[in-house]
Amino acid sequence: MKNLVRSFILIMVLLVAGFNAIPALAQSNNGNNPIITAVVDRVHVSTDETVMLTITVDLSGSSPSKPQLPSLGGFTVIRSSSGTQISLVNGVMSIQETYQYNLRPTQTGDLVIEPITVNVNGITFSTDPIRITVTQGSGNIQPVPNPSLPVMPSLPSFPSSTTFDSGIIEPGAPMDPSEPPTELAGQDFFIVAEVDKLSPYLGEQVLYTLRFYNAVRLYDDPQYQPPGFTGFWHEDQPDQANYSLQQAGRTYNVTELQTILFPTVIGETSIEPAEIIIPGGFFSNGQMLRTQPTTLDVQTLPQNAPSSYQGAVGRFDIQAGVDTNHTVINEPVTLKVTISGQGNINNLADPIWKEGPEWRAFDSQASNSIQFEGGKLAGSRTYERILVPTQAEILIIPAIEFSYFDPETSSYQTISTQSFEVVVESSGTGLTSASPDINSGSDALNNESPNNNIRPNKPAPPNWIQGSTLLTKLPGYWLLWTLPLFLLMGQLGWQQYLKRWQNDPSQRRRNEAAKKARRAVRAAYKRPAEVYDAAGQILVTFISEKLTRRISGLTQDELDELLRSEGVAEDLIERVQNCITLSESGRYAQSGENSSPKETLRRTEKLIMELDKAL
Amino acid sequence: MRNLIMLAVTGLVLIIGLLVAINMSAHSLEADIEAVSIANKLYESGQYDQATQILEQIISQGVQDSAIYYNLGNVYYKQGDLGRAIVNYERAALMNPRDSDIQANLTIVRNQAEQSESLPAIAAGPVDSITRLIGTWLSVDETAILALSIWFAFSLLFLVWLQLEPGKARTGMGYAALMTLLLVAVLGLSLGNRIYNEKVHPTAVVVANEITINSQPGDQYATEYSLHNGAEVILLGTQGDWAHLSTPGETLEGWIPLSAVEYV
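Residues numbered from 1 in each chain as written. Chains lettered and ligands numbered in written order. Predicted model: local features only at pLDDT ≥ 70, side-chain atom pairs only at ≥ 80, totals over all residues.

Quick look at the overall build of chain A now. Each helix and strand in chain A was counted, giving eight helices and 30 strands. Relative to its 615 residues, chain A shows a buried fraction of 34%. (Helix = DSSP H or I, 4+ residues; strand = E, 2+ residues; numbered from the N terminus. Buried ≥ 20, exposed ≤ 12 C-beta atoms within 10 Å, placed from the backbone.)

The structure is reproduced here in structure tokens:
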């Protein structure tokens, strides 16, 4: 039997350990990572500047809800964006969702961003509060920086060559690309970097061009290390230009890389050197070419920015339209807004939507389209906003205003869409169904075959689960696997106890002595005439059973000594003796000479309880 | 009598433990019926972009519901985006594997995407076969609850067996305990295998129209092989913006841009 129990415990331990090991192994990468972190790009700002708040939520081991921003007293959110990063390292996938908020301070002083919370499976995780010191600015509001993280461009492919020569360091200065630089005097390699503007406005686009001149064949592709572009947001022109030119009697292959920069700080700002590493060959060493830093003097934007201005610099247009002017309650209208033009399209702040409570709006998913046109970044940003009317009347979708700073005219411009009137009826046919039968053939796919008819949509369930996580990812679930182990130990302990109980009558008497004594006291209450006698008897019997020996024949001193040897306190021993004495004298004394019978029994009961603890 | 009470207490504790496990991960709340209804109306009227927008927004709020993923799969299918349709049907099937609508639509879309069958496990063996079989009937959470329940049942049977005097009842109880132990082992292995595969070899679906498989992470390493929209693959790793993957049966292995796949 013992062997069997041991085997059972071993099986339990092995199974529980095995089952715990698998998820622990699979989830080992996210054990110590915090679920949510929040950082800001600066803690000292002026009212002209913005703060980038980046919240990162680890989705690897759970499915948290969207982070809850606290009340941002002293700040206004002027732009937000989010993105998901998936990585698989050493066979373990991790997913992080990043939310970025551009905050503009609206008051000076020490401001606090209260803890940001995220709910994971009913448990709330929060960040630490963030303190930001805001000082009074000059009134020149800076454009909102691009929230995207700087990206290292991929290495371009350069023509090959066979020999290596010295490189030249070249200061950045605008030059005609069709003309070779004057410093190019017959070297094998040469690089030069230039910008098209040396005094741009804050947020105005600047074209940065790097040219690599190569007159020899290379063994391997050179490696391009672009500048960090600190103080700029940048967009790389994906296509490189290649052409040839003659200089100093040699033919040079020229590779041209362009990057659009958007200054984000005012004053003198340097573009760090760009580097090109030429790999070594069998008979020669590699070498590194480096440009000189280029310094720009970034101008502040003029004051008197309109209230709807949110930092756009360039030249833009705005257009909007609705898909229908006639609908019924709860049937949606799609508002499409497109902002197009030249400037930092990816960095445009979302328009301020002004629909009232008569519309239920679903967040728009903006889509960007950008292209390089003659050294400029241009494109459009389109929002499709679904608006569901909640009232049957003629409703207005308000005009949308958009302001930008035009660096060509050095002035602010405000453009706006028209407002839209939508007739909403309480009932009607509503939307004209393009495919009332969802299995009809009007789909993007050719679904004419009956076998291709997909089954229809499902209605919403009455309840759904939000922010749930797999049970197997919860430590509590795996702890439950150990529950039988504890129950088995409890069972075995109980069996042992019962066994001892049954095999040892004296031990049983000892354990039950107090209970028996209390029962006797309760019985004595019903016989007041015999109280004093009973009290002494009950006490003596209790002590005898507790010590598993007879004490009725002992003298007072012997009983004292016995109790003392059992560790009973002197005070308690004295009270035992008093009780026995009282019992004996009470039998012979006149009524009223001693304490009342009830009081005597109460004292005796208390004494038994104290002795039960002491023995 | 005392033994009987102790066993009853043990059973009660195990049942409470099971109820705790069942309620551990579920946090249900009232569904936004209006939003789903609007999305369904948009779907029925052929306004698939808008329907997608609403359903994606619901999901972005942390909602985990098989019906929402199923509906989103339908919308993507109607838009001709077989890859995203498969991804969302697969997600729905993970939550509700016994739903015949999900399985039917998944089969149709897979057929159209020339993905005739679901992915086999990387190294198909008996454990993988059992895992797949159980996976067609039970979600991960359901398997976890069932395994725990049988584990508890085995523990209780064993404790009863300990109390019984030698005889037929005790022998029968012993066999029952052994059977449950066997079931625990099968379910436990299947569960562990499933967790391991989903974590270490997650499945993904190609959502780009057609994408060339590269031998290395980089555009310059293009090969003559390509994957079509809706192809189901196993993610082996990532490097920068590139995903390392293998195709069913490990017939092909290579790299494609990470943005061209969505993991299930």
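Residues and elements named next belong to chain B. In this model, chain B carries a mean pLDDT of 86, and residues with pLDDT of at least 70 account for 94%. Helix 4 (residues 66-78) holds the highest mean pLDDT among the elements of chain B, 95, whereas strand 1 (residues 28-30) holds the lowest, 75. In this model residues 116-122 is a low-confidence stretch, pLDDT under 50, and it forms 16 contacts with partners more than four residues away in sequence or in other chains. Scored as a whole, the predicted complex attains pTM 0.60, and scored at its interfaces, ipTM 0.83. (pLDDT = per-residue confidence, 0-100. Contact = placed C-beta atoms within 7 Å.)

Okay, the sheet that holds strand 18 (residues 287-290) of chain A next. Residues and elements named next belong to chain A. Spatially, 12-17-18 is the arrangement adopted by the three strands of the open sheet, whose pairing is antiparallel. What marks the edges here is a single partner per strand, and that holds for strand 12 (223-225) and strand 18. Averaged over all adjacent pairs, the angle separating strand axes in this sheet is 20°, with direction ignored. Bridge count between strand 17 (residues 275-278) and strand 18: four bridges; the pairing is antiparallel. Its bridge partner being in strand 18, Ile277 is matched across the sheet by Met288. (Pairing = 2+ DSSP bridges. Axes fitted to C-alpha atoms, helices over the stretch in contact; angles between N-to-C directions.)

Moving on, we get to the packing of helix 5 (residues 82-95) of chain B against helix 6 (residues 100-112) of chain B. Residues and elements named next belong to chain B. Two elements in contact, helix 5 and helix 6, have axes whose closest approach is 10 Å; the angle formed by their N-to-C orientations is 150°. Taken together, the axis directions place helix 5 and helix 6 in an arrangement best described as roughly antiparallel. Relative to helix 6, helix 5 is oriented so that their crossing is left-handed. Side by side, helix 5 and helix 6 meet where Leu82, Ala85, Ile86, Tyr89, Ala92 and Ala93 of the first sit next to Ile102, Gln103, Asn105, Leu106, Val109, Arg110 and Gln112 of the second. Each residue belonging to the contact of helix 5 with helix 6 can be placed in one class, and the counts come to nine nonpolar, three polar and one charged. (Parallel < 35°, antiparallel > 145°, perpendicular 65-115°, else oblique. Left-handed = near helix turned anticlockwise from the far one by under 90°. Nonpolar A, V, L, I, M, F, W, Y, C, P; charged D, E, K, R; others polar.)

For the rest of this paragraph, the subject is the pairing of strand 27 (residues 401-406) of chain A. All names here are of chain A. Examined bridge by bridge, strand 20 (residues 309-322) and strand 27 share three bridges and lie parallel to one another. Looking across to strand 27, one finds that Tyr309 is bridged to Ser403. Inspection of the sheet shows strand 27 paired to strand 28 (residues 411-416) by six bridges, in the antiparallel sense. In the strand pairing of strand 28, Phe402 is matched with Ile415. Turn length for the strand 27-strand 28 hairpin, with the two strands adjacent in sequence and antiparallel, is four residues, and the turn residue Ser410 shows positive phi of about 50°.

Spanning 13 residues, helix 3 (residues 48-60) of chain B covers 18 Å between terminal C-alpha atoms, matching the ideal 18 Å at 1.5 Å per step. Those residues of helix 3 of chain B lying buried are Tyr48(B), Gln50(B), Ala51(B), Thr52(B), Gln53(B), Ile54(B), Leu55(B) and Ile58(B). Looking at the buried positions of helix 3 of chain B, the neighbouring elements they touch are strand 22 (333-343), strand 23 (359-362) and strand 25 (376-389) of chain A together with helix 2 (33-44), strand 2 (63-64) and helix 4 of chain B. Just past helix 3 of chain B, the residue Gly62(B) takes up positive phi, approximately 95°. (Expected span 1.5 Å × (residues − 1).)

Residue and element names in this part refer to chain A. Taken in spatial order, the three strands line up as 21-29-26 in an open sheet, and their pairing is mixed. The open sheet has two edge strands with one neighbour each: strand 21 (326-328) and strand 26 (394-397). When the angles between neighbouring strand axes are averaged without regard to direction, this sheet yields 35°. Relative to strand 29 (residues 420-425), strand 21 runs parallel, the two sharing three bridges.

All names here are of chain A. Here chain A shows a mean pLDDT of 77. Residues at 70 or above account for 75%. In the model of chain A, helix 1 (residues 2-26) stands out as the element of lowest mean pLDDT, 58, in contrast to strand 28, which has the highest, 94. Across residues 23-33, where pLDDT falls below 50, the model places 19 contacts with residues more than four positions away in sequence or in other chains. Note on residues 144-175: pLDDT under 50 across the span, and 95 contacts to partners over four residues away in sequence or across chains.

This part covers the pairing of strand 24 (residues 367-373) of chain A. In summary, the side chains of a regular strand alternate between the two faces of the sheet. Residue and element names in this part refer to chain A. By the criterion of burial, strand 24 is predominantly exposed, with just zero of the seven residues buried. With seven bridges connecting them, strand 24 and strand 25 associate as antiparallel partners. Its bridge partner being in strand 25, Ile370 is matched across the sheet by Gly379.

So, on to the environment of Glu210(B). Residues and elements named next belong to chain B. As for its placement among the helices and strands, Glu210 is situated in strand 4 (residues 210-214). Between the alpha carbons of Glu210 and Asn229 there is a distance of 5.8 Å; along the sequence they are 19 residues apart. Excluding anything up to four places from it in sequence, Glu210 contacts Ser226, His228 and Asn229.

Further remarks concern helix 9 (residues 168-200) of chain B. Taking 1.5 Å per residue, 33 residues should reach 48 Å; helix 9 of chain B reaches 48 Å between its end C-alpha atoms and fits that length. Where helix 9 of chain B is concerned, the buried positions are Ala177(B), Thr180(B), Val184(B), Leu187(B), Gly188(B), Ser190(B), Leu191(B), Gly192(B), Asn193(B), Arg194(B), Ile195(B) and Lys199(B).

Among the nonpolar cores identified, the biggest contains 114 residues, and Ala39(B), Ile54(B), Tyr89(B), Val233(B) and Val261(B) are the most heavily contacted of them. If one sorts the elements of this core by residue count, helix 5 of chain B sits on top with nine residues. Not counting residues up to four positions away in its chain, the partners in contact with Ile54(B) are Phe362(A), Ile386(A), Ala35(B), Ile38(B) and Ala39(B). Counting 30 residues, the second largest nonpolar core, distinct from the first, contains Leu480(A), Leu487(A), Leu159(B) and Val184(B). (Core = buried A, V, L, I, M, F, W, Y, C linked by C-beta atoms within 7 Å.)

Excluding glycine, residues mostly carry a negative phi; peptide bonds, for their part, are mostly trans. Residues and elements named next belong to chain A. One non-glycine residue, Phe229, lies in the positive phi region at around 55°. On the secondary structure map, Phe229 appears in the loop between strand 12 and strand 13 (232-236). The exposure class assigned to Phe229 is buried, which follows from the 20 C-beta atoms found within 10 Å. Look at Asn304: it is not a glycine, yet its phi comes out positive at around 60°. Positionally, Asn304 belongs in the loop between strand 19 (294-298) and strand 20.

All right, on to the packing of helix 5 (residues 531-547) of chain A against helix 8 (residues 597-614) of chain A then. When two helices pack together, their arrangement is given by the angle between their axes and by how far apart the axes lie. Residues and elements named next belong to chain A. The geometry of helix 5 relative to helix 8 is characterised by a closest axis approach of 9 Å and an angle of 5° between their N-to-C directions. With respect to their mutual orientation, helix 5 and helix 8 come out roughly parallel. Note on element contacts: helix 8 touches helix 5 through Pro597, Thr600, Leu601, Thr604, Leu607, Ile608 and Leu611, opposite Val531, Tyr532, Ala535, Ile538, Leu539, Phe542, Ile543 and Lys546. Of the residues contributing to the contact of helix 5 with helix 8, the split by class is twelve nonpolar, two polar and one charged.

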